Amino acid sequence: MTRYADRLLADGEQVVLRSRQHWLAMLIDGRAAVSILLASFVLLGIASFALEQGAARDWLGALAFILLLGAMLVLARLWLSWRSQDYLVTNRRVMKVEGIIRKRSADSSLEKINDAVLEQGVFGRMFGFGNLEILTAAEIAVDRFHMLAQAQTFKRTMLEEKNRLERDVRLPPSPPLRAVPPAPMVPVSVPPEPGSPALAGAGATNGPGAATAATDSAATADAADVDWAAPGAAATEGRGESEPITAPPAVGSGASANDGAATDWPTAAPATGPHSMSSEEITRLLADLADLRDRGAISAEDYEAKKQDLLARL
C-alpha cells in the first residue's frame, strides 16, 4: 500500500531518507497513560490477592479493569500516530507528514534552506535523537522536528542534497556533439603513359575506325588509371585545359554511374603528373582507399589495382 507521503511526490522527485520521531517520544507523550496502566496492574494485584471475596474486591477489580482499558486505548492511539509520521528528505525538499485520519503536510524547498540547528542532550546522543530546526535566509525557523530519530544523519543528508541541487543548477549544459563530415573528393582522370598496351592496341588498328578505336582505348585507360584530387579541379595532361569531373554515386544510393552524384572520396593534394606524388601522399591515399573498400564504395579488385598503381609510383 502506497503511503500518504509518497503520493505527494512530484515527477522526478526521489526519497533519499525516511525517518520519524524516536520511539521514546511516544512514551514521553503517553507518560500519563503509562502511569495509569501501571496503577491498574497494581490494583488488579491487590484485588486478586489481598482482598477476600466481597463487594470491595469486585469494585476494585472493576476500577482496575477500566483504568487498564483506558490506558491501552490511549497508548494505541499514540502508537498509531507515531507510525503515521513521515519525515522525508528528497532531492528537492524536506517533508513532514503527520496525522492518522486527518493528515497535516508541511515541506521546505532545499534551495530556500539557509541552515539547520540541531540540539542533542546526553540522552539524545545515547539513544540517537535530537531536536532539529530548519532556518531560512531570514534566520526564521520554518519547521521543527522534535525528538527526531537519526537526527545527525537527517541533517547531513539534507545539507548534502541541498549542495548537490545547487551544484546541478549552476552547471551549464554541455554542448551537443556533432560529427564533422569529411570533405568529398572526386576522381581525376590521368592519361595513360606512352607505350601502354591501350595506346599500342589503338595504333595497331588500320582503316576508317582507327581513330574511334584509339579514342575508346584511351578512355578505357583513363578510367583504369584514376588519380585522387580535390573536387572541382582535374589536371588533364596533353590537352591544355582543366575540366571538373564529378564523382561516381555512393553504393546503395540508387543512382547510376553517369548521374554525377558526389560521394565521400579521400582528401589529397592535386596531382601534377603521374610520378609527382610523395611517399606520404601515397600512404595517405592507400589508407583512404582501404576505407572506401571497407565501406563498399569500391570493390576489392579496384582497390588492388589502385594499390599496385600507387606503389608503382614510389
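Here we summarise the structure given alongside this text. (Residues numbered from 1 in each chain as written. Predicted model: local features only at pLDDT ≥ 70, side-chain atom pairs only at ≥ 80, totals over all residues. Heavy atoms only, no water.)

A few words on the sheet that holds strand 3 (residues 93-98). Within a sheet, neighbouring strands are paired by backbone hydrogen bonds and run either parallel or antiparallel to one another. If you trace the four strands from one edge of the open sheet to the other, you get 1-2-3-4, paired in antiparallel fashion. Two strands close off the open sheet at either side, each with one partner strand: strand 1 (15-19) and strand 4 (104-109). Between one strand axis and the next, the sheet turns through 15° on average, direction left out of account. One ladder, built from four bridges, connects strand 2 (residues 86-90) with strand 3; its direction is antiparallel. The partner of aspartate 86 across the bridge, within strand 3, is valine 97. (Pairing = 2+ DSSP bridges. Helix = DSSP H or I, 4+ residues; strand = E, 2+ residues; numbered from the N terminus. Axes fitted to C-alpha atoms, helices over the stretch in contact; angles between N-to-C directions.)

Helix 9 (residues 300-312) packs onto helix 8 (residues 279-295) with a crossing angle of 175° between their chain directions and a minimal axis gap of 10 Å. One way to sum up the angle between helix 8 and helix 9 is to call them roughly antiparallel. In contact with Ile282, Leu285, Leu286, Leu289, Ala290 and Arg293 of helix 8, helix 9 contributes Ala300, Tyr303, Lys306, Lys307, Leu310 and Leu311. Here the residues of the contact of helix 8 with helix 9 are counted per class, giving nine nonpolar, no polar and three charged. (Parallel < 35°, antiparallel > 145°, perpendicular 65-115°, else oblique. Contact = heavy atoms within 4.5 Å. Nonpolar A, V, L, I, M, F, W, Y, C, P; charged D, E, K, R; others polar.)

A few words on the pattern of salt bridges. Scanning all chains against the criterion turns up 11 salt bridges. Between arginine 3 and aspartate 86 there is a salt bridge, and its shortest N-O distance comes to 2.8 Å. Separated by 83 residues along the polypeptide, arginine 3 in the segment before strand 1 and aspartate 86 in strand 2 bring together distant segments of the chain. Residue aspartate 86 is classed as buried on the basis of its relative accessible area of 3%. Two residues, lysine 96 and aspartate 143, come together in a salt bridge whose shortest N-O distance is 3.7 Å. Here the residue lysine 96 occupies a position in strand 3, and aspartate 143 occupies one in strand 7 (residues 141-149), the gap between them amounting to 47 residues. In terms of burial, lysine 96 and aspartate 143 fall into one category: buried. When salt bridges that share partners are traced, they join Arg3, Asp6, Arg18 and Asp86 into one network. (Salt bridge = Lys/Arg side-chain N within 4 Å of Asp/Glu carboxyl O. Buried < 20%, exposed > 50% of the residue type's maximum accessible area, 1.4 Å probe, protein only.)

Right, let's get into helix 8. For helix 8, built from 17 residues, the straight-helix expectation of 24 Å at 1.5 Å per residue is met to within 8% by its first-to-last C-alpha distance of 25 Å. Of the residues making up helix 8, those classed as buried are Ile282, Leu285, Leu286, Asp288, Leu289, Ala290 and Leu292. A positive backbone phi angle near 85° is found at glycine 296, which sits one or two residues after helix 8. (Expected span 1.5 Å × (residues − 1).)

Non-glycine residue methionine 147 carries a positive phi angle of around 50°. Here methionine 147 lies in strand 7. Among the residues examined, methionine 147 registers a relative accessible area of 6% and is labelled buried. Non-glycine residue glutamine 150 carries a positive phi angle of around 55°. Relative to the elements of secondary structure, glutamine 150 occurs in the loop between strand 7 and helix 5 (151-170). The class for glutamine 150 is partly exposed, based on a relative accessible area of 43%.

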